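The residues making up each chain are set out below.
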Amino acid sequence: MSRPRVFITRRIPQVGLDLIGAVCDVDLWDEPLPPGRDELLKRIAGCDGVLTMLSEKVDDEFFDAAGEQLKVVSQYAVGFNNIDVEAAKSRNIAVGNTPGALTAATADLGFALLIAAARRLVEAHEYIHADKWKTWEPLGHIGWDLEGKTVGIVGMGRIGQAFAQRCYGGWGMNVIYTSRSPKPDAETQLRAKRVSFDELLEQSDFISVHTDLNEETAGMFNKAAFEKMKSNAIFINTARGGIHNQADLVEALKNNVIGAAGLDVTDPEPPALDDPILHLPNCVVAPHIGSATISTRNAMAEIASDNLLNGIKGEPLRCSVT
Ligand code: NAP
Ligand code: GLV
Ligand code: GLV
């Protein structure tokens, strides 16, 4: 019997390539940039499974190009807003993702952005490189304390709770949150309080976004939302750039409507080099590196490979979104 054919849209850690390569004929796109659309549609033709990144739009056109034998799309990420899940369901194509494995790493990165924004770390680093560090400055580089502040978590899921736990356990913060459903464990363990979105905007010193990008969350951080926030509030987004309106965020940061921001995600991604979001002293930006640690990426590779292989065999996926 011939081996199943798979296309992997970027190089993933070797542990995943070994698992897949032991069973399948692998076509690996081994370039620093993702395949262009035409190339992608060509490469997936005749595949039994495709291992995708956030950069691939997986829709009817994708499924048509792949053909009837396609059984599974395995996403190397927890978020899957690039995938038309309903279209996959209607064609009986399984869709997998990598929840859990990247929770701690992404929460850590969110916290790194919070501290960096609060303590103006990037600005201070650039100050040295601009040869401006001449002496210890009694009034220079003044930022904000973290201890005992109120943090507002928008989307109290896996990563939201891990972020809240760092805030509560490490820095004694008061935790408030919004989510579609109440989170009794977080309410008991972190003394977290569920509030309305407006209450969260008004009461939080720091706001951290952890929802998925969906119809309700797209653009929810807009001009009106920033105007309800405290004037020294810090906005952290490690979820998806589409959840904030970036032009409104730039204006809010420029005009000191809010204090600062820390972003691991932007809209678009990557931003052009002259995008104003990259040129604000009070905004720290990272290039979507939330899950980028050795053990996290290895764990993601294992889950994504298991999902791919199980899907090809027609077995339930280890982590399924359908
Ligand atoms: P999750 O456990 O599914 O958490 C998402 C949370 O968002 C859920 O608690 C959900 O509420 C809540 N939510 C959805 N719509 C909402 C709305 N309209 N208002 C308020 N809350 C809403 O997912 P996760 O594993 O924590 O990951 C969260 C997101 O982080 C991913 O979807 C991805 O986009 C992003 N991410 C980014 C990176 C990075 O590298 N920067 C890494 C990993 C993940 P319910 O629980 O009530 O349904
Ligand atoms: C990364 O952004 C993910 O969703 O895993
Ligand atoms: C600063 O270095 C201090 O000792 O306060």
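Participant: I'd like to hear about the sheet that holds strand E7 (residues 174-178), residue by residue, with values.
Facilitator: The sheet built from 7 strands is open, its strands ordered E8-E7-E6-E9-E10-E11-E12 with parallel pairing. Each of the sheet's edge strands pairs with one partner strand only, and the pair in question is strand E8 (193-194) and strand E12 (283-285). Pairing of strand E10 (residues 234-237) with strand E11 (residues 260-263) involves 4 bridges; the strand directions are parallel. Following the sheet pairing, Phe-235 is matched in E11 by Ala-261.

Participant: Describe the sheet that holds strand E1 (residues 5-8), listing the residues and the values that go with them.
Facilitator: Here we have 5 strands laid out as an open sheet, ordered E2-E1-E3-E4-E5, and parallel in their pairing. In this open sheet, the two edge strands, each paired with only one partner strand, are strand E2 (25-28) and strand E5 (94-96). Adjacent strand axes in the sheet meet at a mean angle of 15°, parallel and antiparallel pairs treated alike. With 4 bridges joining them, E1 and E2 adopt parallel strand pairing. Along E2, the bridge assignment pairs Arg-5 with Asp-25. Its contacts with the sheet put helix H2 (residues 37-44) on E1, E2 and strand E3 (49-52), and the angle it makes with E1 is roughly 160°.

Participant: Describe the pairing of strand E6 (residues 150-154), and please don't skip the residues or the numbers.
Facilitator: Most of E6 sits out of view: 5 of its 5 residues are buried. Burial along E6 is two-sided: the residues Thr-150, Gly-152 and Val-154 and Val-151 and Ile-153 are all buried. Pairing of E6 with E7 involves 5 bridges; the strand directions are parallel. Paired with Gly-152 across the bridge in E7 is Ile-176. What joins E6 to E7 is helix H7 (residues 158-171), and the crossover it makes is right-handed. Pairing geometry for E6 and strand E9 (residues 206-209), over 4 bridges, is parallel.

Participant: Go over the site of ligand 2 with me, naming the residues and quoting the values.
Facilitator: Near ligand 2 you find Leu-54, Ala-77, Val-78, Gly-79, Leu-102, Arg-240 and His-288, and these make up its full shell. Arg-240 places a polar side-chain atom, nitrogen or oxygen, 2.8 Å from an oxygen atom of ligand 2. Within the side chain of His-288, one N or O atom sits 2.6 Å away from an oxygen atom of ligand 2. The residue makeup of the shell around ligand 2, split by class, is 4 nonpolar, 2 polar and 1 charged.

Participant: Break down the pairing of E1 for me, citing the residues and quoting the values.
Facilitator: The two faces of the sheet receive side chains in turn, since in a regular strand these alternate between them. Taken together, E1, helix H1 (residues 14-21) and E2 constitute a β-α-β crossover, and its handedness is right-handed. Looking at chain direction, E1 and E3 are connected through 3 bridges and run parallel. In the sheet register, Ile-8 faces E3, and the bridge partner there is Leu-51.

Participant: Give me the lowdown on the packing of H1 against helix H12 (residues 294-313), citing residues and values where you can.
Facilitator: Viewed as axis vectors pointing N to C, H1 and H12 meet at an angle of 20°, and their least axial separation amounts to 7 Å. Classified by the angle their axes make, H1 and H12 are roughly parallel. In the packing of H1 onto H12, the handedness of the crossing is right-handed. For the pair H1 and H12, the contacting residues are Val-15, Gly-16, Leu-19 and Ile-20 in the first and Asn-298, Ala-301, Glu-302, Ser-305, Asp-306, Leu-308 and Leu-309 in the second. Taken together, the residues of the contact of H1 with H12 sort by class into 6 nonpolar, 3 polar and 2 charged.

Cut-offs and rules
- Residues numbered from 1 in each chain as written.
- Chains lettered and ligands numbered in written order.
- Predicted model: local features only at pLDDT ≥ 70, side-chain atom pairs only at ≥ 80, totals over all residues.
- Heavy atoms only, no water.
- Pairing = 2+ DSSP bridges.
- Helix = DSSP H or I, 4+ residues; strand = E, 2+ residues; numbered from the N terminus.
- Axes fitted to C-alpha atoms, helices over the stretch in contact; angles between N-to-C directions.
- Contact = heavy atoms within 4.5 Å.
- Buried < 20%, exposed > 50% of the residue type's maximum accessible area, 1.4 Å probe, protein only.
- Right-handed = clockwise from strand over helix to strand, strands pointing away.
- Near = heavy atom within 4 Å.
- Polar contact = N/O pair within 3.5 Å; in protein donor to acceptor, adjacent residues only side chain to side chain.
- Nonpolar A, V, L, I, M, F, W, Y, C, P; charged D, E, K, R; others polar.
- Parallel < 35°, antiparallel > 145°, perpendicular 65-115°, else oblique.
- Left-handed = near helix turned anticlockwise from the far one by under 90°.

Read these as layout, nothing more, since geometry by itself doesn't imply function.
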